[in-house]
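Listed here are the chains, written in short residue letters.
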Amino acid sequence: MKPEDVARHARTAVPLRTGAPWQRALARVVLAAVLVLPLWELGLRRLCFAPMEVVPGLGSILAPGVEIRWAIEGDGASQWNAAGVRGAAMPDPQAPSVLVRGDSFTEALQLDDDDTFPVVLAAGLRAAGLPLPVLNAGASGQSLPDYLERAASDRERFRVAWTVVQVRDDDLERAAWDESRTHFARAADGSLRLEPVAPPPPARIGALLRPLTNRSALFGYGRMRALEFARAARAEPPLFSATTARAAPAPRRDYPIEDEVSLLNAAWQGRVTVLYLAVFDPERPREPASDTERRLFAACAAQGGSCVNLRESFPEFAARWEAPYGFANSNWNTGHMNAAGHRAAGALLARELVKTLAP
Amino acid sequence: MIFSSPRFFVFMVLLLVALRLVRSLEGRLSLLLFASCLFYAAWDWRYLGLLLLVSGINWVCGARIAAARDARVRHAWVVTSVVASLAILGWFKYANFFAGNLNAALAVLGSGVRVPLPEMLLPAGISFYVFKTMSYTIDIHRRGLAPARSPMNYATFTTFFPELIAGPIVRASVFLPQMGRDIGPSAERLRTGASLFLIGLTKKVLIADPLAGIADPMFGAPQHFSGMSLWMGLAAYTVQIYCDFSGYSDMAIGCAKMIGYDLPRNFRMPYMSGDVAEFWRRWHITLSTWLRDYLYIPLGGNRYGAARTYANLAITMLLGGLWHGASWNFVAWGGLHGAALALHRAVRGALGEDFRTPRPLAITVTLLFVMLCWVPFRSPDFAATREILRRLFTLDAAGAHFVPVLLFPCLALVALGHAIGSAIDAAVERGPDGVHALAWLRPFGADVVKDPISGWIVRLGVGTLPGMVLVGSWLLAIVFFAATGASPFIYFQF
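Predicted model, so just to flag it, every value in this text is computed and none were measured. (Residues numbered from 1 in each chain as written. Chains lettered and ligands numbered in written order. Predicted model: local features only at pLDDT ≥ 70, side-chain atom pairs only at ≥ 80, totals over all residues. Heavy atoms only, no water.)

Colleague: Help me out: how do you make sense of the side chain of S379(B) in this one?
Modeller: If you trace the backbone, S379(B) turns up in the loop between α14 (359-378) and α15 (382-394). Once you skip the residues sitting within four places of it in the chain, S379(B) turns out to touch F219(B), N329(B), A384(B), T385(B) and I388(B). (Helix = DSSP H or I, 4+ residues; strand = E, 2+ residues; numbered from the N terminus. Contact = heavy atoms within 4.5 Å.)

Right under this line is the structure:
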């Protein structure tokens, strides 16, 4: 081929790269998304997949029949049924049962089913000749007023022989008096009453995205992260402030713990056990960590209620240099209860309930 | 307003858009100066006045030094500048420390006299901007720098927000010559700056912040953890402080690049150092060179014999330690490094320049030493330091055997980063042939550019499919795994 032929050929040859630059860029984006997103979806489905559904009468519950995965803190797989109870099978509404109400510590997405304290409790009761099913109705973000609000409907839905209510300090203090949700309030006569607050309707955008967030871990976890970022942004300190060297601590509010315990016992006609999750300090395992803890157990004793303190197991934890809270992929003694904590809570509850329920 | 907070992203985008819209250089500089003041005032508007006061003092002194013909007058003005700057730094940073120590000494002597402790906040970035402005007058005094042409140029230099709070410590001799260039975002600047910013952000929110959750409880209550767990906590802090500080520096350099300025490199794979002297050539480079040029060399450096050299090293590092904060722990940290530098110099002198320790062994020993020095640096007091060191060295089994699994991927990431960085370093040092050897980065849309001030910079790109996949996955990783609470950078407290 002569040089002039080569030049002519070069002019007429079809270029290897076709299309405008923006078309090539778009093709790259699409191709990259096709390659990357499925891999992320697979990875995140293993790491965190917890779709929610709104069920009339129950509110927002973990989607029934879906395997919930949670490996951000701990590593657990669980299934939840349409009654908002942990387990694949619907509970028998006619069978007498023990109902457990609590927050994310009871929900325990960080653990597999067998490691949670309601299952340990059920095993303990069975071993003592009390084969009662234990229904885990733990739900993240709930608090004591929520459990009280549901007490009547729980009795209608299940044949509740006994109720266990898991609380931490916050459930008796700030969260119980948060006026943006169902909370405690003082009646005109000074007595304590429950002030129900209807949950806000789900945001329209949330409802629109629900089919997507419920089917895809990528979108579900992405939505959760977006909410976390928004929360963190709201918590940032104000700009252009004149900060003082040492801000005085806010005065501590005095919460009527004794009245709360009384209301709780009344709501379940005394057929309730409070499981209190105390703060663990390995150097002072026996010492109550807060005034609320002291007052709760004093009120319990005075009112003849049934209360179990996880602290009872703390000397053993301290002796083993083990913590009831925290996971290897999070932090030691911080965050949710680990399997050892659940085992201890289940054993303490079994001991208490065997004593209470034994004929 | 910290670099990893959503507010900063809004601030930066608005600034870049505004810089693009303003036509004249004067207008852009005015806008940049205003933005820098806004950035600083966002933390606490009252201390903006202090920043402007320190800047003003050094501007006046610099002008007087340049105008004076008499050496004594020049000297008087530079002394004024240094004394005024150090007095302000001393009052805000060290008054409480010295008053507290004085009270303790008086109590030991049985005196009932008590010096009142002033209640004040440490102004953000004061250690950095005082050193920066001091170097301006000292350089003019040394005739190594002409004074800034206009107050606007000078104020832009002293308040330049990317490096204002936590460095790198930029000298006027590096920054002022760039003032004539046209600033504002361009595609090239944005790509380079955003690449650096992304790398820095990754170090901060994906590595440093999660590792803080491991290290903080261990240093807070070391008596709760076994010796083995504390070793892991120490490893976590070693990685955390590097990723936190170098992450900030990367973000600062990246922001400056996007605006149109070059800042000096502050870190160069410090945990690959073969000895402690090399460590200080790789760690917080702008501080170590500042201390070398404005403290060690004026003290006499190595010009007056071995004993004086060791003393100079010790003084420099003790003061370098004190620069980090008003605490005896920082002084001890500086003292340890000073002693190690002196020892290294003595051993090297005794064994001769040709003596070489096998590189892996040298890196391991240096890293171990640096890690152990972080113990007093991070501990709240000497009691905690003693307790941690005791448990580390005795491998005390009493305490929780906590194995934080998160630590290991973070260690692997930092080791990978150091390995890639060292490979690029070696290639760039070989010259054009070496840079050519980095062609393997191109399929990933990335390349390496050399920069006379910032060293080399890896630029990421989305021009290829692997590049798009890499950058996309990287961004998704930040969205999904970054710590959400915008936690302050460690060096903000210094």
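Still more ground to cover, so stick around.
Colleague: Please clarify how the interface of chain B and chain A should be interpreted in this entry.
Modeller: How big an interface is tends to be expressed through the accessible area that disappears when the partners come together. Contacts between the two partners involve 43 residues from chain B, matched on the other side by 40 residues from chain A. In total, chain B and chain A occlude about 3,500 Å² of area from one another, counting both sides; carbon and sulfur atoms represent 65% of this. Contact with chain A buries area across many residues of chain B, yet R7(B), F480(B) and T484(B) alone supply 20% of it, more than any other trio. Our count for the chain B to chain A interface comes out at zero salt bridges. Taken together, the connections running from chain B to chain A amount to ten residue pairs in polar contact (both at pLDDT 80 or more). Secondary structure elements with two or more residues in the side of chain B that touches chain A: α1 (6-21), α2 (25-41), α8 (187-220) and α18 (465-481) of chain B. No other element matches the ten residues that α18(B) contributes to the side of chain B that touches chain A. Of the residues that constitute the side of chain B that touches chain A, the class distribution is 28 nonpolar, eleven polar and four charged. (Buried area = accessible area lost by both parts, 1.4 Å probe. Salt bridge = Lys/Arg side-chain N within 4 Å of Asp/Glu carboxyl O. Polar contact = N/O pair within 3.5 Å; in protein donor to acceptor, adjacent residues only side chain to side chain. Nonpolar A, V, L, I, M, F, W, Y, C, P; charged D, E, K, R; others polar.)

Colleague: What exactly am I supposed to notice about the sheet that holds strand β11 (residues 272-276) of chain A here?
Modeller: Hydrogen bonding along the main chain pairs the strands of a sheet, whether they run parallel or antiparallel. All names here are of chain A. Strands sit in the order β7-β6-β8-β11-β12 across an open sheet of five strands; the sheet is parallel. The sheet terminates laterally at β7 (134-136) and β12 (306-309), the two strands that pair on one side only. When strand polarity is set aside, the average angle formed by the axes of neighbouring strands in this sheet is 25 degrees. Sheet analysis places strand β6 (residues 96-101) next to β7, joined by three bridges and oriented parallel. (Pairing = 2+ DSSP bridges. Axes fitted to C-alpha atoms, helices over the stretch in contact; angles between N-to-C directions.)

Colleague: Teacher, can you tell me more about the sheet that holds strand β4 (residues 68-70) of chain A here?
Modeller: Residue and element names in this part refer to chain A. If you walk across this open sheet you meet the three strands as β1-β4-β5, and the pairing is antiparallel. The sheet is open, and its two borders are formed by β1 (48-49) and β5 (76-78), each paired with just one other strand. Note: β4 against β5, three bridges, orientation antiparallel. For R69, the partnering residue across the bridge sits in β5 and is A77.

Colleague: Could you clarify how one ought to interpret the packing of aromatic side chains in this entry?
Modeller: Both the distance between ring centres and the angle between the ring planes are used here to describe each pair of aromatic rings. Residues and elements named next belong to chain B. Scanning the entire structure with this criterion turns up 57 aromatic pairs over all chains. Seen from their ring centres, Y237 and W374 are 6.3 Å apart, and the 80 degrees between their planes marks the pair as edge-to-face. One end of the pair, Y237, is in helix α9 (residues 227-259); the other, W374, is in helix α14, and 137 residues separate them in sequence. Look at Y237 and you get buried, because its relative accessible area is 2%. Over the face of the ring belonging to W323 we find K93, whose NZ or CZ atom lies 5.4 Å from the ring centre. Above the ring of W456, the side-chain terminus of R265 is found at 4.6 Å from the ring centroid. (Phe/Tyr/Trp six-rings, centres within 6.5 Å; stacked < 30°, edge-to-face > 60°. Buried < 20%, exposed > 50% of the residue type's maximum accessible area, 1.4 Å probe, protein only. Lys NZ or Arg CZ within 6 Å of the ring centre and 35° of its normal.)

Colleague: Quick question: what am I supposed to make of the nonpolar core here?
Modeller: Most often, soluble globular proteins have nonpolar side chains that are buried together. One finds V98(A), F8(B), I259(B), Y261(B), W283(B) and W374(B) to be the most contacted residues of the largest nonpolar core, which totals 218 residues. Counting contributing residues per domain, this core is built from domain 1 (6-184) and domain 2 (185-274 + 357-494) of chain B, each supplying no fewer than three. Those residues in contact with I259(B) that lie beyond four places of it in its chain are M12(B), L15(B), L16(B), L19(B), L32(B), F160(B), F161(B), P162(B), I183(B), G184(B) and R189(B). Listed in part, the six residues of the second largest apolar core include A83(A), L99(A), L135(A) and A137(A). (Core = buried A, V, L, I, M, F, W, Y, C linked by side-chain atoms within 4.5 Å. Domains from an automatic or database assignment.)

Colleague: What is the right way to look at the pattern of salt bridges in this model?
Modeller: Two side chains of opposite charge can pair, provided their charged atoms sit close to one another. Residue and element names in this part refer to chain B. If you walk through the whole model with that rule in mind, you get 43 salt bridges over all chains. In this structure, R378 and D216 form a salt bridge, with 2.9 Å as the shortest nitrogen-oxygen distance. Here the residue R378 occupies a position in helix α14, and D216 occupies one in helix α8, the gap between them amounting to 162 residues. The partly exposed category is assigned to R378, whose relative accessible area is 22%. The salt bridge involving R268 is made with E429; its shortest N-O contact spans 3.9 Å. Of this pair, R268 sits in the loop between α9 and α10 (276-282) while E429 sits in helix α16 (residues 407-429); the two residues are 161 residues apart in sequence, bridging distant segments of the chain. We classify R268 as partly exposed; its relative accessible area is 23%. Since its relative accessible area comes to 64%, E429 is described here as exposed. Three or more residues joined by partner-sharing salt bridges are found here, namely R181, K257, D262 and D451.

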